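Summary of structural features
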Amino acid sequence: MSSRHYVDRLFDPDPQKVLQGVIDMKNAVIGNNKQKANLIVLGAVPRLLYLLQQESSSTELKTECAVVLGSLAMGTENNVKSLLDCHIIPALLQGLLSPDLKFIEACLRCLRTVFTSPVTPEELLYTDATVIPHLMALLSRSRYTQEYICQIFSHCCKGPDHQTILFNHGAVQNIAHLLTSLSYKVRMQALKCFSVLAFENPQVSMTLVNVLVDGELLPQIFVKMLQRDKPIEMQLTSAKCLTYMCRAGAIRTDDNCIVLKTLPCLVRMCSKERLLEERVEGAETLAYLIEPDVELQRIASITDHLIAMLADYFKYPSSVSAITDIKRLDHDLKHAHELRQAAFKLYASLGANDEDIRKKIIETENMMDRIVTGLSESSVKVRLAAVRCLHSLSRSVQQLRTSFQDHAVWKPLMKVLQNAPDEILVVASSMLCNLLLEFSPSKEPILESGAVELLCGLTQSENPALRVNGIWALMNMAFQAEQKIKADILRSLSTEQLFRLLSDSDLNVLMKTLGLLRNLLSTRPHIDKIMSTHGKQIMQAVTLILEGEHNIEVKEQTLCILANIADGTTAKELIMTNDDILQKIKYYMGHSHVKLQLAAMFCISNLIWNEEEGSQERQDKLRDMGIVDILHKLSQSPDSNLCDKAKTALQQYLA
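Residues numbered from 1 in each chain as written. Predicted model: local features only at pLDDT ≥ 70, side-chain atom pairs only at ≥ 80, totals over all residues. Heavy atoms only, no water.

Focus on the overall build of the protein
Each helix and strand counted, the protein has 43 helices and two strands in total. Over its C-alpha atoms, taken along the principal directions, the protein stretches across nearly 115 × 55 × 50 Å. Here the protein, with 655 residues, has 56% of them falling under the buried criterion. Across the protein, contacts joining residues at least 24 apart in sequence account for 67% of those joining residues at least 6 apart. Looking at the protein as shown, the accessible area adds up to about 29,100 Å², and 52% of this sits on carbon and sulfur atoms. The averaged location of the 75 negative side-chain charges in the protein is 4 Å from the averaged location of its 69 positive side-chain charges. (Helix = DSSP H or I, 4+ residues; strand = E, 2+ residues; numbered from the N terminus. Buried < 20%, exposed > 50% of the residue type's maximum accessible area, 1.4 Å probe, protein only. Contact = heavy atoms within 4.5 Å. Areas by Shrake-Rupley, 256 points an atom, 1.4 Å probe, with all protein chains shown as cover. Lys, Arg positive; Asp, Glu negative; His and termini not counted. Charge placed at Lys NZ, Arg CZ, Asp CG, Glu CD.)

If you want it as structure tokens, here you go:
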């Protein structure tokens with residue numbers, strides 16, 4: 001029978017023939033995507049929705065219409081788009097107000113299919129505020145309403161706003177008792193609901209810890225559900241619930257349910273016996289669980305040879321059990337990049353704090369080569385995970401000197417920095433900061449490969465994290481560097497940009513820029529050279545900052561820069577001839593904060609030091625300003641450090 005004929009029958013004046021037509025259509029479309037597409041093109045959807053909403057339609061007809069629509073939604077994403085364009089969601093939600101349970105279940109099943117499609121906006125569930133409370137009320141009607149509604153919630157709960165809406169409508173109380181349902185599907189969907197509700201949500205997580213179901217606390221129920229004899233999907237999802245509750249601060253990281261149950265369960269999921277999806281989810285959840293806690297990182301690193309087990313993520317995309325299944329092998333090869341991404345994420349978490357773990361990771365067969373290869377993969381997600389992994393390992397001085405050098409990691413890193421999306425740039429530039437530390441042998445070659453221009457470019461980014469990293473890396477680069485490098489930095493950055501950064505709204509940018517300036521102005525010949533070309537502007541900037549509304553740390557850094565300038569041979573004069581600056585130094589010597597007093601003292605000590613030319617005139621001028629009186633007062637200070645510095649300074653006057 002032609003598709004056209006099926007559609008025509010929906011318009012028959014005899015309701016009995018219409019019903020038969022819908023039933024025949026249902027049987028014709030099951031598992032037949034071509035037939036589904038044809039019927040949609042021929043306009044079956046608006047007619048089915050009309051019949052579904054028509055007062056005069058029998059309940060049986062309405063129910064069959066909902067079943068056919070659900071079947072059409074099971075097809076391709078384009079089918080779902082066509083259904084959404086015909087406003088299927090409001091029609092089905094309206095159907096939930098019917099007294100007939102079978103019809104309600106058919107509507108819910110269809111809604112479940114539509115909402116679980118990636119093309120359906122979650123927001124459509126929340127547009128009408130009466131929908132969520134009504135769904136909560138329907139939870140008690142049957143195991144099917146429970147299964148479908150929980151599935152709709154877990155798919156449509158994206159982010160804190162949705163979590164709050166569901167939480168405020170009693171999701172926790174309404175769903176908790178479903179964890180002991182006789183139906184596995186209901187238990188499973190309820191569990192999934194709790195994992196999305198608890199994710200990064202302290203309010204929900206703190207509530208869950210104290211919920212009782214049949215006299216048992218929820219965490220205990222979750223622990224039972226992650227035992228080895230339970231289906232893998234259930235083990236994984238309950239491990240996620242406990243992980244999210246732990247990360248949200250509701251369960252301590254040293255709690256037995258985390259250390260002895262959740263962590264080992266997630267490590268088991270990483271074994272090559274497990275399917276690709278399970279290994280990916282297991283590794284990513286474990287990475288998230290241990291990320292902030294060094295003790296959990298240590299425990300994980302010695303559980304079931306995890307570090308070696310992750311090396312298999314690069315070699316065997318298919319699980320041992322799937323080797324005989326050709327379709328599965330094909331699928332796994334296409335998704336192998338997800339495994340690599342998950343392994344990089346977990347290595348990054350494992351190596352976040354502990355030197356020995358980093359060493360173990362790097363000594364795993366070809367690990368550095370694998371990470372370096374990951375930096376140039378086509379998938380942005382894999383590149384990001386590889387950069388994060390390297391960044392984590394680059395926190396180790398030992399590794400920066402050895403493995404990072406042997407593998408010339410800076411080369412691919414510089415390539416990654418050329419035109420990457422912001423999220424990769426932030427991590428890659430942060431790692432470059434580590435590679436540019438004074439003791440890192442990579443420093444020289446990086447400079448030769450055009451890093452200065454690249455980093456100066458980052459300081460102009462809209463993204464504050466990139467500005468911070470750009471300036472931080474330049475600060476590390478300038479540390480104990482030779483004059484040529486410092487000149488390169490100043491030339492590339494330009495004084496205009498330097499001063500723009502000194503008035504940046506982001507405190508971190510300001511602090512790192514002051515750090516850069518302090519590193520540029522170190523060692524006498526360099527100080528004199530830079531101050532001879534940029535002195536006027538630098539003194540202006542220093543004045544502005546000392547006059548501005550800044551915190552103690554900013555002022556202290558600025559006074560330290562002045563102390564460096566005061567250490568120059570010719571640069572000193574720029575301070576001595578600037579009465580405004582001298583008055584400021586005097587003011588900070590009497591400040592209530594010891595750190596600022598000390599920093600101001602350094603300036604004075606450098607100006608009055610005896611062995612240097614012109615020290616007599618400088619001492620006289622400062623005495624006339626009342627500096628000596630302040631030094632006498634400070635030599636009585638209860639702070640021993642300040643008191644010593646003041647006495648040393650006074651001796652310069654006596655010598």
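Some words on the side chain of Q163
In this fold, Q163 is placed in helix 11 (residues 160-168). Separated by 2.9 Å, the side chain of Q163 and the backbone oxygen of V196 make a polar contact. If we skip the residues at most four places from it in the chain, Q163 touches C157, V196, L197, A198, F199 and N201. (Polar contact = N/O pair within 3.5 Å; in protein donor to acceptor, adjacent residues only side chain to side chain.)

Some words on the pattern of salt bridges
Counting across every chain of the model gives 33 salt bridges. The residue D229 makes a salt bridge to K230 at a minimum N-O spacing of 3.7 Å. The class of D229 is exposed, set by a relative accessible area of 62%. Using a relative accessible area of 27% as the deciding quantity, one classes K230 as partly exposed. D330 serves as the salt-bridge partner of K334, at 2.8 Å between the closest nitrogen and oxygen. Here D330 and K334 lie together in helix 21 (residues 326-334), a separation of four residues that amounts to about one turn. Look at the salt bridges and you will find they share partners, linking K272, D312, K315 and E365 into a network. (Salt bridge = Lys/Arg side-chain N within 4 Å of Asp/Glu carboxyl O.)

Things to note about the packing of aromatic side chains
The description of an aromatic ring pair rests on the distance of the ring centres and on the angle between the ring planes. Summed over the entire model, instances satisfying the criterion amount to seven aromatic pairs. Aromatic rings pair up to connect F199, Y244 and Y288 into one cluster. When the ring centre of Y288 is taken as reference, the NZ or CZ atom of R247 above it lies at 4.3 Å. (Phe/Tyr/Trp six-rings, centres within 6.5 Å; stacked < 30°, edge-to-face > 60°. Lys NZ or Arg CZ within 6 Å of the ring centre and 35° of its normal.)

Quick word on helix 32 (residues 464-478)
If you check helix 32, its first and last C-alpha atoms are 21 Å apart, about what 15 residues at 1.5 Å a residue would give, namely 21 Å. The buried fraction of helix 32 amounts to twelve of the 15 residues, a majority that puts the element mostly inside the structure. For helix 32, the set of buried residues is L466, R467, V468, N469, G470, I471, A473, L474, M475, N476, M477 and A478. Where the residues of helix 32 are buried, they touch helix 29 (422-435), helix 30 (443-448), helix 31 (451-458), helix 33 (483-493), helix 34 (495-502) and helix 35 (507-520). Measuring from the backbone nitrogen of A465 back to the side-chain oxygen at the start of helix 32 gives 2.9 Å, which picks out N463 as the cap. At the C-terminal side of helix 32, Q480 shows a positive phi close to 50°. (Expected span 1.5 Å × (residues − 1).)

Side note on helix 14 (residues 202-209)
Taken residue by residue, helix 14 has V204, S205, L208 and V209 as its buried positions. Down the axis of helix 14, the buried set is contained in an arc of 135°. They therefore lie on one face. In this structure, the buried side of helix 14 is in contact with helix 11, helix 12 (171-176), helix 13 (184-198), strand 2 (216-217), helix 15 (218-225) and helix 16 (232-247). Backbone nitrogen of Q203 and a side-chain oxygen of the N-cap are separated by 3.1 Å at the start of helix 14; the cap is N201. (Arc of directions from axis to C-beta.)

What about the packing of helix 13 against helix 16?
At their nearest, the axes of helix 13 and helix 16 sit 9 Å apart, and the two run at 25° to each other. Overall, the two elements helix 13 and helix 16 adopt an arrangement that is roughly parallel. For the crossing formed where helix 13 meets helix 16, the hand is left-handed. Contacts between helix 13 and helix 16 involve Y184, R187, M188, L191, K192, F194, S195 and A198 on the former and, on the latter, E233, M234, T237, S238, K240, C241, Y244 and M245. Among the residues forming the contact of helix 13 with helix 16, the class breakdown is nine nonpolar, three polar and four charged. (Axes fitted to C-alpha atoms, helices over the stretch in contact; angles between N-to-C directions. Parallel < 35°, antiparallel > 145°, perpendicular 65-115°, else oblique. Left-handed = near helix turned anticlockwise from the far one by under 90°. Nonpolar A, V, L, I, M, F, W, Y, C, P; charged D, E, K, R; others polar.)

A closer look at the UniProt feature "repeat: ARM" (unreviewed entry) in the protein
The UniProt record annotates "repeat: ARM" (unreviewed entry) at residues 43-79. Taken as a whole, residues 43-79 contains 76% helix and 0% strand, while its terminal C-alpha atoms sit 12 Å from one another. (UniProt positions renumbered as here; feature names shortened; annotations may be inferred.)

As for the environment of E216
Along the chain, the position of E216 falls in strand 2. A relative accessible area of 26% places E216 in the partly exposed class. Discounting chain neighbours no more than four positions away, the residues touching E216 are V211, I221 and K224.

A closer look at the environment of G170
Mapped onto the elements of the fold, G170 is located in the loop between helix 11 and helix 12. Since its relative accessible area comes to 15%, G170 is described here as buried. Distance in space between the C-alpha atoms of G170 and P133 is 8.6 Å, their sequence separation being 37 residues.

With respect to the environment of N641
Looking at the secondary structure, you find N641 in helix 43 (residues 640-654). Accessibility expressed as a relative area gives 37% for N641, which makes it partly exposed. Note: C-alpha distance between N641 and E556 (85 residues apart in sequence) is 16 Å.

Considerations on the side chain of R618
Tracing the backbone through its elements, the reader meets R618 in helix 41 (residues 615-624). Taking relative accessible area as the criterion, R618 reaches 5% and is therefore assigned buried. Residue contacts for R618: discarding those within four places in its chain leaves K572, E573, M576, L607, E612 and E613.

Observations regarding the packing of helix 22 (residues 336-350) against helix 25 (residues 380-393)
Contact geometry of helix 22 with helix 25 gives a least axis separation of 8 Å together with a crossing angle of 20°. The pairing of helix 22 with helix 25 is recorded here as roughly parallel in orientation. Considering how the two elements wind past one another, helix 22 and helix 25 form a crossing that is left-handed. Of helix 25, the residues touching helix 22 (which contributes H337, Q341, F344, K345, Y347 and A348) are K381, V382, A385, A386, R388, C389 and S392. Of the residues belonging to the contact of helix 22 with helix 25, the class tally is seven nonpolar, three polar and three charged.

Let's talk about unusual backbone geometry
The phi angle at H87 is positive, at roughly 60°, despite the residue not being glycine. By secondary structure assignment, the location of H87 is in the loop between helix 6 (77-85) and helix 7 (88-95). Here the phi dihedral of E200 falls at roughly 50°; this positive angle occurs in a residue that is not glycine. Among the secondary structure elements, E200 is positioned in the loop between helix 13 and helix 14.

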